[in-house]
Amino acid sequence: MRYCRISLLSGILLLQLALLTGSGIATAREQALPDDYCQWAVTDYAIAQPLCELAGDASRGMAIALDSGRGNCLACHQLPIPDVEAYGTIGPPLSGIGARLTKGQIRLRVVDTREINPMSIMPGFYRDPRLIHRPDKRYAGRTFLNAQQVEDVIAYLVTLK
Ligand code: HEC
């Protein structure tokens, strides 16, 4: 009996060691940020400065929001677009978001909403890729949207008044 307990304990210890030295943790820390990653800063629950000072385009932003391979916002949100009947209800409808939030507040929600709600299930579309756990191979080491696409989506959302 005693022997069993010891071997169980050492088994757990070995497992913990394996997890700690596992390549996942080590590479996540060592990974470099992509060269073109735009730095951003949060003040008062908002990111005031556009990513890399880029100007967004609202019509491109709407297309990105609808595209299931890019923004895929419709998977979780209703958008006030005629003829779009299928949408998710996991997140709040985005009609009127431009009147409820400032542009900087919207930018923070799209860039990385976990800055305000660490438990959020909304993907951080411009989250530091080093913080994303086990992304799909296509997204390893990169953001889900690039900086221009993020600014385009924001330019679209501010028109929803
Ligand atoms: C997997 C589901 C999911 C996807 C995909 C998603 N969101 Fe969200 N979003 C949420 C949830 C849930 C919330 C509510 C707040 C929270 O839980 O963080 C939210 C909140 C928001 C808010 C704040 C709304 C408010 O009224 O305060 C904005 C703006 C937003 N999302 C924009 C977007 C945009 C733009 C996209 C696409 C580029 C997108 N979301 C994709 C789930 C999602």
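So, a few notes on the structure that sits alongside this text. These numbers were taken from a predicted model, which means no experiment stands behind them.

Rules and cut-offs
Throughout this document, residue positions are counted from 1 along each chain, in the order its sequence is written. Restriction of local features to residues with pLDDT of at least 70 applies here, the model being predicted, together with a cutoff of 80 or more for giving and counting side-chain atom pairs; totals for whole chains, interfaces and linings are based on all residues. Side-chain descriptors were evaluated using all non-hydrogen atoms of the structure, hydrogens and water having been removed beforehand. Here, proximity means that at least one heavy atom of the residue falls within 4 Å of the molecule or strand. The definition of a polar contact used here is a pair of N or O atoms within 3.5 Å, where within protein one atom must be able to donate a hydrogen and the other to accept one, and adjacent residues in sequence count solely through side-chain atom pairs. The way it works is a 1 Å grid over only the protein atoms, where trapped points that fit a 1.4 Å probe form a cavity and open points with protein on both sides within 12 Å along at least five of seven lines form a pocket, and then any residue with an atom within 4 Å of a point lines it. A cavity or pocket is said to hold a molecule if more than half of that molecule's atoms lie within 2 Å of its grid points. Working definition: helices are DSSP H or I runs of at least four residues, strands are E runs of at least two. Numbering for both runs from the N terminus. Nonpolar residues are Ala, Val, Leu, Ile, Met, Phe, Trp, Tyr, Cys and Pro. Charged residues are Asp, Glu, Lys and Arg, and all others, Gly as well, are polar. Working definition: rings of Phe, Tyr and Trp (its six-membered ring) pair if their centres are within 6.5 Å, and the pair is stacked with planes under 30 degrees apart, edge-to-face with planes over 60 apart, and tilted otherwise. Here the term buried applies to any residue with accessible area under 20% of the maximum for its type, exposed to any over 50%, and partly exposed to those in between, with areas from a 1.4 Å probe on protein chains only. Grid points are joined across faces, edges and corners, and a volume is the space filled by probe spheres set on the points.

Looking now at the site of the ligand. Neighbouring the ligand are 21 residues; Cys73, Cys76, His77, Ser120 and Met122 lie closest to it. One of the side-chain nitrogen or oxygen atoms of histidine 77 is found 2.8 Å away from a nitrogen atom of the ligand. At a separation of 2.6 Å, an oxygen atom of the ligand approaches a polar side-chain atom of serine 120. Here the ligand occupies the largest pocket. Residue assignment for the shell around the ligand shows that the elements contributing at least two residues are helix H4 (97-100) and helix H6 (147-157). The residue makeup of the shell around the ligand, split by class, is 13 nonpolar, 6 polar and 2 charged.

This part takes up the packing of aromatic side chains. The full count for this structure, using the stated rule, is 2 aromatic pairs. Centre to centre, the rings of tyrosine 37 and tyrosine 126 are 4.6 Å apart; their planes meet at 10°, and the pair counts as stacked. Of the two residues, tyrosine 37 sits in the loop between helix H2 (23-30) and helix H3 (58-66) while tyrosine 126 sits in the loop between helix H5 (103-112) and H6, which places them 89 residues apart along the sequence. Neither residue differs from the other here; tyrosine 37 and tyrosine 126 are each classed as buried.

What follows concerns the layout of surface pockets. In this model, the largest pocket occupies a volume close to 610 Å³. Taken together, 27 residues line the largest pocket, and the ones lying closest to its centre are His77, Gly91, Pro92, Leu94 and Met122. Broken down by element, the lining of the largest pocket gets its largest block of residues, 3 residues, from H5. Along the lines of polarity and charge, the residues of the lining of the largest pocket split into 18 nonpolar, 7 polar and 2 charged.

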